[in-house]
Amino acid sequence: MQVTLKIFRYNPETDKKPHYETYTVEAEPTDRVLDLLEKVKGEQDGTLTFRRSCAHGVCGSDAMRINGVNRLACKVLVQDLGTNRITVEPLLGLPTIKDLVVDMEPFFEHYRSVKPYFINNDPPPKKERLQSPEERARFDDTTKCILCGACTTSCPSFWLDDQYVGPAAIVNAHRFIFDSRDQGAEERLKILADQFGVFRCHTIFNCTLACPREIQITRAIGEVRKAIATGRLD
Amino acid sequence: MTLPRRVPLSAALRYRGGGPMWAWILHRISGLSMIIFVALHVLAGFGIQQLGSDWAIWYNTLYESLAFQLFIYFCVIFHAVNGLRIIILDTWPALIKFQREFIWLEWAIVLPVYALTAWIMIQNSLGG
């Protein structure tokens, strides 16, 4: 089948404004959008720029807007889109460096702000820090985040104000806040109770629907919000 | 040079967030509509009683019209039920796994209640 790809293009060295270019490629219904982008870059226009690394939905490099919604290009098959006209654009709400490549630094700045690492000031035990299966299950969902940015850049609250930490940062805070071995919950909750923290979430669900790992992001945000309101981590 | 971060309204509206995103947009539109309606209603009352202004009389005629009443009633009923949905999901995050069902339930309440009341309003308007 023939697929028409309409791709957002912007070259900072030659373009004053972004524009769209259209390419026609031969594709199988089981091809991924990433395969089509590779085909365009390899056979028609070598200047097309996009991020990709593992190409198997693990590294989170190739998040982009595909037919108007955030997806990983390596996880979307042509047959899943139900059309042979595909529009590919960069993620919304972040500066565009070139074509489909956005500057992820503001995203990672928010990620770092919630202390997304293990905090425990007790002396390390001789063996591992034990945890029951139930305690581990409490934060299992939020361990799946690959930091692709699809959630944060689908959030209207983040579009309106990029000082909002965004869903990805809250998900990664949730992963440690509800970890029974961690001792940094209080300081993370304090950070997230700030005016640009969890209360900027308006329960819109774009993040949950965009997540390629199917993390229940809105639920995680709700649990953090509840922990702040009640002061309890149950 | 890097293209600065910019999210124009047109791009935001083209994002295909689906039912929950449209519910959020409608919530904003209906909330704003009600604020404007109440503010103008108070101003028009003052304008008619104290100033006898033409503008206030024109506005009074507008908001008493059937189309305007149907619009503002939709805003009230949608804003109330959608707000209730959000309060429930925010208070009990465990229920968020049923968010799709909540959207369906919301419309299952809004549409019949609105349709029934709109029908009565139209009947009264035609009969009156």
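Read on for a plain summary of the structure. (Residues numbered from 1 in each chain as written. Chains lettered and ligands numbered in written order. Predicted model: local features only at pLDDT ≥ 70, side-chain atom pairs only at ≥ 80, totals over all residues. Heavy atoms only, no water.)

## Details of a nonpolar patch on the surface
All names here are of chain B.
- A cluster of nonpolar side chains, Leu43, Trp55, Trp58 and Leu62, forms an exposed patch at the surface whose accessible area comes to about 430 Å².
- The element contributing the most residues to the nonpolar patch is helix α3 (residues 54-63), with 3 residues.
- By secondary structure assignment, the location of Leu62 is in helix α3.
- For Leu62, a relative accessible area of 33% translates into the label partly exposed. (Patch = residues over 30% accessible without salt bridge, like charges linked within 9 Å, V, L, I, M, F, W, Y side chains within 5 Å. Areas by Shrake-Rupley, 256 points an atom, 1.4 Å probe, with all protein chains shown as cover. Salt bridge = Lys/Arg side-chain N within 4 Å of Asp/Glu carboxyl O. Helix = DSSP H or I, 4+ residues; strand = E, 2+ residues; numbered from the N terminus. Buried < 20%, exposed > 50% of the residue type's maximum accessible area, 1.4 Å probe, protein only.)

## Quick look at the interface of chain A and chain B
- With 37 residues of chain A at the contact, the number on the chain B side is 28 residues.
- Roughly 2,800 Å² is buried in total at the junction of chain A and chain B, and carbon and sulfur atoms are behind 61% of that figure.
- Interface area lost by chain A to chain B is led by Trp159(A), Phe205(A) and Arg219(A), which between them contribute 21%.
- Put simply, chain A and chain B have 3 salt bridges between them.
- Here Arg225(A) makes a salt bridge to Asp90(B), at a shortest N to O gap of 2.9 Å.
- At the boundary of chain A with chain B, the tally comes to 12 residue pairs in polar contact (both at pLDDT 80 or more).
- Of all elements in the fold, only β4 (69-72), β6 (96-98), α5 (156-160), α8 (206-210) and α9 (217-230) of chain A reach the threshold of two or more residues within the side of chain A that touches chain B.
- Counting residues per element, the side of chain A that touches chain B draws most heavily on α9(A), which supplies 6 residues.
- The class makeup of the residues in the side of chain A that touches chain B is 17 nonpolar, 12 polar and 8 charged. (Contact = heavy atoms within 4.5 Å. Buried area = accessible area lost by both parts, 1.4 Å probe. Polar contact = N/O pair within 3.5 Å; in protein donor to acceptor, adjacent residues only side chain to side chain. Nonpolar A, V, L, I, M, F, W, Y, C, P; charged D, E, K, R; others polar.)

## Side note on empty space enclosed by the protein
Residues and elements named next belong to chain A.
- Across all of its chains, the model carries 2 cavities of 30 Å³ or more by this definition.
- Counted as a void, the largest cavity has a volume near 90 Å³.
- If you go around the largest cavity, you meet 14 residues; those closest to its centre are Cys145, Ile146, Cys148, Cys151 and Cys211.
- Grouping the constituent residues of the lining of the largest cavity by class yields 12 nonpolar, 1 polar and 1 charged.
- Here the second largest cavity is characterised by a volume of approximately 70 Å³.
- Around the second largest cavity sit 13 residues that line it, and Cys155, Cys201, Ile204, Phe205 and Cys207 are the ones nearest its centre.
- Only α5 and α8 provide two or more residues apiece to the lining of the second largest cavity.
- Broken down by class, the residue content of the lining of the second largest cavity amounts to 9 nonpolar, 4 polar and no charged. (1 Å grid on protein atoms, 1.4 Å probe; cavity = no way out; pocket = protein on both sides within 12 Å on 5 of 7 lines; lining within 4 Å. Points joined across faces, edges and corners; volume = space filled by probe spheres on them.)

## Observations regarding the packing of helix α2 (residues 19-51) of chain B against α3(B)
Residue and element names in this part refer to chain B.
- The interhelical angle for the contact between α2 and α3, taken along N-to-C directions, is 135°, at an axis separation of 8 Å. The orientation of α2 relative to α3 falls into the category oblique. By crossing handedness, the relation of α2 to α3 is classed as left-handed. Taken together, the residues of α3 that come into contact with α2 (itself represented by Phe37, Leu40, His41, Leu43, Ala44, Gly47 and Ile48) are Trp55, Ala56, Ile57, Tyr59, Asn60 and Tyr63.
- Considering only residue class, the contact of α2 with α3 consists of 10 nonpolar, 3 polar and no charged. (Axes fitted to C-alpha atoms, helices over the stretch in contact; angles between N-to-C directions. Parallel < 35°, antiparallel > 145°, perpendicular 65-115°, else oblique. Left-handed = near helix turned anticlockwise from the far one by under 90°.)

## A few points about the pattern of salt bridges
- All told, the structure shown has 21 salt bridges over all chains when counted by the stated rule.
- Here Glu223(A) ties to Arg138(A) by a salt bridge, and the two come within 3.3 Å at their closest N and O atoms. With Glu223(A) in helix α9 and Arg138(A) in the loop between α4 (133-137) and α5, the pair connects residues that are 85 residues apart, well separated along the chain.
- Taking the relative accessible area as the measure of exposure, Glu223(A) reaches 15% and is therefore buried.
- Salt-bridge contacts for Glu106(B) lead to Arg85(B); the nearest nitrogen and oxygen are separated by 2.8 Å. Here Glu106(B), found in helix α5 (residues 99-127), pairs with Arg85(B), found in helix α4 (residues 66-91); they are 21 residues apart in sequence, far enough to count as distant.
- Each of Arg9(A), Glu21(A), Asp45(A) and Asp99(A) takes part in one network of salt bridges that share partners.

## A look at the state of the cysteines
Residue and element names in this part refer to chain A.
- This model, assessed by the stated rule, comprises 0 disulfides over all chains.
- Left unpaired, Cys54 is separated from the closest cysteine sulfur, that of Cys59, by 3.7 Å.
- Residue classification places Cys54 among the partly exposed residues on the basis of a relative accessible area of 29%.
- In this structure Cys211 is a free cysteine whose sulfur lies 6.4 Å from that of Cys148, the closest cysteine sulfur available. (Disulfide = S-S within 2.5 Å.)

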